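Working through the structure, step by step
For reference, the chains in residue letters:
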Amino acid sequence: MSVPSGRLQFFVLEASDYLERLALVVGRPVPPDPGELVRLTRALRGAALMAGLAPYARAAGALELLAKAHRSAPGSWTPDRAASLADAVDELRRLASRGVDWTDADSDAAAALADSLAAGLETHPGGTPAAPPPAAGQGEKQQPS
């Protein structure tokens, strides 16, 4: 399925805005506002889904899970977590800039980022580790192009 380039160009602009705001939020010397962090990460994931970039959406979804973990346990914000999120935002920026010229290598990089972020999540109190949402197409019927 081919995604119209106008939609991808809009994604690049929209994602860049969200990522700029995320960089400011996670770069502060104090823990970020959990609600703001979740809103921005959710918006980023939604933009990727609307653009048809499922691997990017999966990586943004993993970032959203980290934001939700912070919302659930604000005391869990550490300098290591802040650095991890800042690095993820930088990688998402790099990948977003590739939106119009997306390749399989970009999909692989997005999947690796999603896996890395998911590995950074601590086990939930119930004993189950959190995982990023599945990539589009897993268990879903694809529409013909």
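Going by the structure above, here's the rest.
I will try to describe carefully the structure that is included in this document. (Residues numbered from 1 in each chain as written. Predicted model: local features only at pLDDT ≥ 70, side-chain atom pairs only at ≥ 80, totals over all residues. Heavy atoms only, no water.)

**Side note on helix α5 (residues 104–119)**
Taking 1.5 Å of rise per residue, 16 residues should cover 22 Å, and α5 covers 22 Å from first to last C-alpha, within 8% of that figure. Buried positions along α5 lie against α3 (54–72) and α4 (79–97). Residue Thr103 occupies the N-cap position of α5, its side-chain oxygen lying 3.3 Å from the main-chain nitrogen of Ala105. (Helix = DSSP H or I, 4+ residues; strand = E, 2+ residues; numbered from the N terminus. Expected span 1.5 Å × (residues − 1). Contact = heavy atoms within 4.5 Å. Polar contact = N/O pair within 3.5 Å; in protein donor to acceptor, adjacent residues only side chain to side chain.)

**Observations regarding the packing of α3 against α4**
The geometry of α3 relative to α4 is characterised by a closest axis approach of 11 Å and an angle of 160° between their N-to-C directions. Taken together, the axis directions place α3 and α4 in an arrangement best described as roughly antiparallel. Considering the relative orientation of α3 and α4, their crossing is left-handed. Residues Tyr56, Ala59, Leu63, Leu66 and Ala69 of α3 lie in contact with α4, whose contacting residues are Arg81, Leu85, Ala88, Val89, Leu92, Leu95 and Ala96. By residue class, the composition of the contact of α3 with α4 is 11 nonpolar, no polar and 1 charged. (Axes fitted to C-alpha atoms, helices over the stretch in contact; angles between N-to-C directions. Parallel < 35°, antiparallel > 145°, perpendicular 65-115°, else oblique. Left-handed = near helix turned anticlockwise from the far one by under 90°. Nonpolar A, V, L, I, M, F, W, Y, C, P; charged D, E, K, R; others polar.)

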